Amino acid sequence: MFVSSIPSPPSMWSQFDLGPVTIHTYALCILAGIIAAVVITQHRLSQRGGEKGVVLDIVIWAVPFGIIGARFYHVFTHLSDYFYPGANLWSVFAIWDGGNALYGSLLGGAVGAYVGCRRTGISFWSFADALAPAMLVAQSLGRVGNYFNHELFGLPTTLPWGLEILPTDAMFPKGMPADTLFHPLFLYEIIWNLFGVAIILLLERRFRLRWGRTFGLYLIWYGIGRSWLEAIRIDPTSDAMFGVPANIWASFAAIVIGIVLFFVQAIRHP
């Protein structure tokens, strides 16, 4: 039996005070994703001979670079949201309000991971392959934070799992009826990502994928799903180039890079 709709959580749930400190639910979801990724990646890397705890030595480089990359990618693809007359420029750094782009975290995190791998003596591609399914799990947990922030929703829908967004919410599209329901894109991505974990692990075991080919599959899988989700997204999206949002271009780039990586490494390491 389907529910008639998915209610958005009360705004008060997006943050709470712990003494003098304000804790943001979105940040907790991101933190949970990072912890899950570390545990899964360490387990997979240990199975391939990696030392216990080596992932932490890499993560201390990858995570800060990833966070910086994620935030600045978001800002530079949403310039009109941050740079306008009277804008508070400090909001550029307010990552707790949402707006941390996955593709930016991939770029920044890859730089940090490369540095960490060089310092620990771990093959970058071995680390990337171990990380691939863990990334999808981490992204799924992070998307729960989008739900609490009332963001990442798509076109109006009459489906029984439509997402409720209050008309008083800043994200509510102007001009639409107050009872409009929207596609819950955060939920779609969670399902897509977790299904991708199963597919990638199955293909990896069946074909003994190594040398970055598992990570190539991750890029292809995520790029395909994200390009579709961005195509039906209507809450604040990235700036467009030639009428196409930047995140869709980035998704196409991820697919191409993933395909090239998969086949080039298959040729180099048959």
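In what follows, the structure referred to is the one given above.
Residues numbered from 1 in each chain as written. Predicted model: local features only at pLDDT ≥ 70, side-chain atom pairs only at ≥ 80, totals over all residues. Heavy atoms only, no water.

## Overview of the overall build of the protein chain
In plain terms, the rule: Runs of E in the DSSP output that reach at least two residues are strands. Runs of H or I that reach at least four are helices, and both are numbered from the N terminus. The globule rule used here is 2.2 Å times the number of residues to the 0.38 power, and the radius of gyration it is set against is calculated over C-alpha atoms. For the exposure calls, accessible area comes from a 1.4 Å probe over protein chains only, and a residue counts as buried if that area is under 20% of its type's maximum, exposed if over 50%, partly exposed in between. Whether two residues touch is decided by their heavy atoms; if any such pair falls within 4.5 Å, the residues are in contact.
Along the protein chain, the regular secondary structure elements total eight helices and six strands. In sequence order, the protein chain lays out its α and β elements as β-β-α-α-α-α-α-β-β-α-α-β-β-α. Scaling as 2.2 N^0.38, a compact globule of 270 residues should have a C-alpha radius of gyration of about 18 Å, and the protein chain matches this with 19 Å. Burial statistics for the protein chain: of 270 residues in total, 50% are counted as buried. Here the analysis covers contacts within the protein chain between residues at least 6 apart in sequence; of these, 74% occur between residues at least 24 apart.

## Digging into the pairing of strand 1 (residues 15–18)
The criterion, for reference: Here, strands pair whenever DSSP counts at least two bridges between them.
Pairing of strand 1 with strand 2 (residues 21–24) involves four bridges; the strand directions are antiparallel. Residue F16 lies in a different strand from strand 2, and its bridge partner there is I23. Hairpin connection between strand 1 and strand 2: a loop of two residues separates the two successive antiparallel strands, and G19 in this loop has a positive phi of roughly 70°.

## Thoughts on the pattern of salt bridges
Applicable threshold: The salt bridge criterion pairs a side-chain nitrogen of Lys or Arg with a carboxyl oxygen of Asp or Glu, the two atoms within 4 Å.
One pass over the structure, following the stated rule, counts five salt bridges. Measuring nitrogen to oxygen at the nearest pair gives 2.7 Å for the salt bridge that ties R48 to E204. In this pair, R48 is assigned in the loop between helix 1 (25–46) and helix 2 (54–76) and E204 in helix 6 (residues 185–207), connecting sequence segments 156 residues apart. Linking E189 and R143 is a salt bridge whose minimum nitrogen-to-oxygen distance equals 2.9 Å.

## Examining the nonpolar core
The condition that has to hold: Take the buried residues of types Ala, Val, Leu, Ile, Met, Phe, Trp, Tyr and Cys, join any two whose side-chain atoms come within 4.5 Å, and each joined set is a nonpolar core.
Formed by 40 residues in total, the largest nonpolar core has its most connected members in Y103, L106, F127, F215 and Y218. Elements represented by at least two residues in this core include exactly helix 1, helix 2, helix 4 (102–120), helix 5 (124–148), helix 6, helix 7 (213–231) and helix 8 (246–268). By residue number, the principal contributor to this core is helix 5, which donates ten residues. Among residues more than four places away in sequence, those in contact with F127 are T41, L45, V55, I58, A113, C117 and I122. Among the nonpolar cores identified, the runner-up in size contains 15 residues, and F172, F186, Y188 and I190 belong to it.

## Some thoughts on the side chain of R143
Tracing the backbone shows R143 in helix 5. Classification of R143 as buried rests on a relative accessible area of 12%.

## Focus: the environment of R118
Examined against the element boundaries, R118 turns out to sit in helix 4. The sequence separation of R118 and I58 amounts to 60 residues, and the corresponding C-alpha distance is 9.0 Å.

## A look at helix 2
Stated formally: To estimate the expected span of a helix, count its residues, drop one, and scale the result by 1.5 Å. The quantity called bend is, for any residue, the angle between two axes fitted respectively to the seven residues ending at it and the seven beginning at it.
Spanning 23 residues, helix 2 covers 33 Å between terminal C-alpha atoms, matching the ideal 33 Å at 1.5 Å per step. Remark: the principal bend of helix 2, roughly 30°, maps to I60, with a proline, P64, within the next four residues. Those residues of helix 2 that sit buried are V54, V55, I58, V59, A62, G66, G69, A70, R71, Y73, H74 and V75.

## Re the packing of helix 6 against helix 7
Applicable threshold: Here an axis means a line fitted to C-alpha atoms, over the contact stretch when the element is a helix, while the angle between two N-to-C directions is reported on a 0 to 180 degree scale. By the definition adopted for this analysis, an angle is roughly parallel if under 35 degrees, roughly antiparallel if over 145, roughly perpendicular if from 65 to 115, and oblique otherwise. Each helix crossing is assigned a hand: it is left-handed if the near helix lies turned anticlockwise from the far helix by less than a right angle, otherwise right-handed if that turn is clockwise.
Orientation of helix 6 relative to helix 7, taken along the N-to-C sense of each, is 155°, at an axis distance of 10 Å. In terms of orientation, helix 6 and helix 7 fall into the roughly antiparallel class. Crossing hand, helix 6 versus helix 7: right-handed. Across the interface between the two elements, L185, Y188, E189, W192, N193, F195, G196, I199, I200, L203 and E204 from helix 6 touch T214, L217, Y218, W221, Y222, I224, G225, R226, W228 and L229 from helix 7.

## Quick look at the packing of helix 4 against helix 7
Convention followed: Throughout, the ten residues Ala, Val, Leu, Ile, Met, Phe, Trp, Tyr, Cys and Pro are labelled nonpolar, Asp, Glu, Lys and Arg are labelled charged, and all others, Gly among them, are labelled polar.
It is at 12 Å that the axes of helix 4 and helix 7 come closest, and there the two elements cross at 160°. The pairing of helix 4 with helix 7 is recorded here as roughly antiparallel in orientation. The hand of the helix 4/helix 7 crossing is left-handed. Contacts from L102, Y103 and L106 of helix 4 reach helix 7 at F215, Y218, L219, Y222, G223 and R226. Here the contact of helix 4 with helix 7 is built from residues that sort into seven nonpolar, one polar and one charged.

## Thoughts on a nonpolar patch on the surface
Condition: Patches draw on residues past 30% relative accessible area with no salt bridge. Two like charges within 9 Å are joined, as are two nonpolar side chains (Val, Leu, Ile, Met, Phe, Trp, Tyr) within 5 Å. Here the Shrake-Rupley method, with its probe set to 1.4 Å, supplies the accessible areas, and only the displayed protein chains count as covering residues.
A cluster of nonpolar side chains, contributed by F16, L18, V21, L28, L31, I35 and V39, occupies part of the molecular surface with about 640 Å² of accessible area. Only strand 1 and helix 1 provide two or more residues apiece to the nonpolar patch. When residues in the nonpolar patch are grouped by element, the largest group, four residues, is from helix 1. Looking at the secondary structure, you find F16 in strand 1. Residue classification places F16 among the partly exposed residues on the basis of a relative accessible area of 39%.

## Details of helix 8
If you check helix 8, its first and last C-alpha atoms are 32 Å apart, about what 23 residues at 1.5 Å a residue would give, namely 33 Å. The set of residues buried in helix 8 consists of A246, N247, I248, A250, S251, A254, I255, G258, L261, F262 and Q265.

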